Amino acid sequence: MEAFADWFRWLYEVTGINLTYFYDPFDRARMLRGLLLTLWMAGVTIALSIVVGLIGAWLQGSRFRWLRLAVDGFISLFRNTPPLVQIYFFYFGLGYMLPRVPDVSSGQLEPLLSNVQWAIVSLSLFAGAFNIEIFRSGIEAVSRSTVEAAESLGFSRWQTYRDVVLPLAIRTCLPALSNNLVNLIKTTNLAYAIAVPELMYAAKQIWADTTNVPEMMITVLVIYVAIATLFAWGMTRLERWLKVPGFGTGA
Amino acid sequence: MARTHAETGSPAGAAAFLLVPNGPLRAGIDARAVIAVALVFLASTAVGAATATEGTRSALEVIWTWSPLLLWGFLFNLFISAAAMLIGTAAGVPLGVLQTSDLGPVRWLAWLVTQFFRNSPWLVLLFLCVFLIPYRFTVLGYTVLLPDWSKAILGFALPVMANVSEIVRGAIQSVPTGQWESSASLGFNRRQTLAQIILPQCYKRMLPPWMNLYSLITMSTVNASVVGVSEMITLTNEVLAAEGSRPALLAPLYGFALVCFFLYCYPIARWTQALERRFNVRG
Amino acid sequence: MRSVTHALGAPIVLLKHVCKRFGDVEVLKDISLEVAKGETICIIGPSGSGKSTILRCINGLVPVTSGSIKVDGVEVNDPKLDTLALRRKVGIVFQQYNLFPHKTALQNVMMAPVTVLKQDKAEVEARALKLLDKVRLAGKESSYPGELSGGQQQRVAIARSLAMNPLLMLFDEVTAALDPETKKEVLVTIRELAAEGMTCILVTHEMSFAREVADHVYFTDAGVIVEHGAPDEILQHPKEPRTRAFLEQVL
């Protein structure tokens, strides 16, 4: 371990390439915390955006017209405005309007949601709007006659949905979903703009101290590309695992 | 009653269902979506206006006063996005063509470049360009100054390039191989086939995703505010400061920016969907 | 002889003055027919004459506008109808097979008894294997619908309906989408079923098959039953000019 750190010190002395996080424990901790927060935000926003998507797609099948219109309005709104301004609007605008609550430990009045939480909320809604459309198109792709077959066998509405519609819809919409979620992972770094100490923010703190801008920049880029690529690879594996012979290809 | 028909998949129900997307109902939904936006905006300004204390101006007044400046900033966003699209497309088309090259290493390299920039966060690419490209160049004794906004354009052009490259590759590969074979049999070489036979067939397929990309890049030009380019959001922040940083103004002013982008991007999105439908129908 | 059985048997299906309209279109106008236990009847007629709608009404997939449908003594046109109980008694096989594409042949057959009837899985599996063997698909248990030919899929669909132990089987132009070779396999299966005493209602364009298996033939056109009777009567010596015109066209 020490030899490892020494090698990067040597690299810096010889070439001027300064990867501080390999030999400086403080920088390493900062970087790791940033990376963990990025991963955590990515995980939580992915899960929440899927929940938003499922609820939205379900509401779009509602009997109430105004409910369907509300979902349509929500989708149009979030798809056609900049996610960064959405984050600002939520964090600064709505955050200011919400009441402040006393902190559990200190008793001081604190905002209801922290900047990390606001970032998660707005990013989940943003990606969720896309997910609604993805899920809906998947559900619409399940042929009416397959559903009729289930009904004719006595399946209830819920059983039909659970055993026939959903398993088929998920397979159809997986590629589009994977694409959107990769985009979401990349978009989480907009939280930087409201000072969420994620990967990019940690890197900036380090380069502000050590002026190793290019090294940190490239490090961040490589890490993001690696996360996105790994996730995309995992989704492809999932697709292959769920693949049913003779379904979805050609016909 | 009408609902039962749609559910039973009767011919009449199916016909009614097919009519909906182009019918008046769809247009009604559009109008309502726009109205919904307006309502959200009005609600936020109303809250801002209500909380305006003695001696300070209401949110609507503030927006009205500053709207020429803010809209000027919005125009700058549009300029950045147009320039980024231009450069990105000019670089992306050849890159996409190289992705379908006969030569393995060329194809592989083009693929690698495309994937790398496609999987990078746009904000990081923006940082990369703005912070790493020097402020001034000296070429052949001439000194060229590169202001931040020009570097930002490059920062947006990189992801455009990668995405255009993918669009082009997908479109080229969607043309049946028979087209290549028949062109070859007519004595066309690869370059001629590509330029005269294949690419002209791809325009239709490429246009909707390209427009989608344009819409996305337009919306992300606000990211340039993070690196201080004076586009709409930077100006909005300056207006906030000039108005004494009153928190009550935050929602209305950011809401104004949301509305501007929505009014610009929503019609583009509708148009893109219409094109997609039309091209799909024609196969 | 056949018409005598027809008059004497206790009716399993009894339609009285059934009308069905989709919006302004009157698909069924005053349809009355009855089917006795163990009987096989065929409904013939030009496309769009409402034949398939009759079948869909009998198992409650389509609610009727007016009139009465009784299946095994239970009124189908009743808002309080237990559709599950009805569909247990009535199996339906569709023109487009409508198998669940994400389930194997065996799973397709097992799904309804396990999910809807909550029957014991091992027991259902044993029965399903027998049924697949009966329709001559032994060895295809773990194939997915996408891997089977049209005729094979249709026989899985028949087995899937039989797994619910229905009193009555409805066949909706089940051979219309098949090529002559695979058509035969399916017709053989249906003939065996009819011979075993299963009550069957077939909507079909196969006139020679109808003549061979049917106890009674109904000719429908434009939503009304034009005439009905023993197969030889209707198919050889039709009284009505409309029936004659239709038969001249198809034969």
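Here the structure is shown first, and the text comes after it.
The notes below deal with the structure included here. Everything numeric here is computed off the predicted structure, so don't read it as measured data.

### Some thoughts on the sheet that holds strand β10 (residues 224–229) of chain C
Residue and element names in this part refer to chain C. Pairing is mixed across the open sheet formed by six strands, whose spatial order is β6-β7-β8-β3-β9-β10. This sheet does not close on itself; its edge strands, each paired only once, are β6 (90–93) and β10. Looking at each pair of strands side by side, their axes are set apart by 20 degrees on average, direction ignored. Of the pairings in the sheet, the one linking strand β3 (residues 40–44) to strand β9 (residues 216–221) comprises four bridges and is parallel in character.

### Focus on the interface of chain B and chain A
Listed as interface residues are 43 residues of chain B and, on the opposing side, 41 residues of chain A. Of the roughly 4,000 Å² buried between chain B and chain A, counting both surfaces, carbon and sulfur atoms make up 75%. Applying the counting criterion to the chain B and chain A interface returns zero salt bridges. Listing elements by their share of the side of chain B that touches chain A, those giving two or more residues are α1 (2–8), α3 (24–50), α5 (104–118), α6 (122–132) and α11 (250–281) of chain B. No other element matches the 11 residues that α11(B) contributes to the side of chain B that touches chain A.

### A look at the sheet that holds strand β2 (residues 25–36) of chain C
Ordered in space as β2-β1-β4-β5 (chain C), the four strands form an open sheet in which the pairing is antiparallel. Each edge of the sheet is formed by a strand with only one pairing partner; in this case those strands are β2 and β5 (74–75) of chain C.

### Brief notes about the interface of chain A and chain C
At the interface, 21 residues of chain A touch 25 residues of chain C. Of the roughly 1,900 Å² buried at the junction of chain A and chain C (both faces included), carbon and sulfur atoms supply 68%. Three residues, E148(A), S152(A) and L153(A), lead the burial of chain A against chain C; their summed loss comes to 31% of the area buried on that side. The interface formed by chain A and chain C holds one salt bridge in total. E148(A) is the partner of R56(C) in a salt bridge, and the nearest nitrogen-oxygen pair spans 2.9 Å. At the junction of chain A with chain C, the criterion picks out five residue pairs in polar contact (both at pLDDT 80 or more). Of all elements in the fold, only α6 (144–152) and α7 (157–187) of chain A reach the threshold of two or more residues within the side of chain A that touches chain C. Considered class by class, the residues forming the side of chain A that touches chain C number 10 nonpolar, six polar and five charged.

Criteria and cut-off values
Residues numbered from 1 in each chain as written. Chains lettered and ligands numbered in written order. Predicted model: local features only at pLDDT ≥ 70, side-chain atom pairs only at ≥ 80, totals over all residues. Heavy atoms only, no water. Pairing = 2+ DSSP bridges. Helix = DSSP H or I, 4+ residues; strand = E, 2+ residues; numbered from the N terminus. Axes fitted to C-alpha atoms, helices over the stretch in contact; angles between N-to-C directions. Contact = heavy atoms within 4.5 Å. Buried area = accessible area lost by both parts, 1.4 Å probe. Salt bridge = Lys/Arg side-chain N within 4 Å of Asp/Glu carboxyl O. Polar contact = N/O pair within 3.5 Å; in protein donor to acceptor, adjacent residues only side chain to side chain. Nonpolar A, V, L, I, M, F, W, Y, C, P; charged D, E, K, R; others polar.

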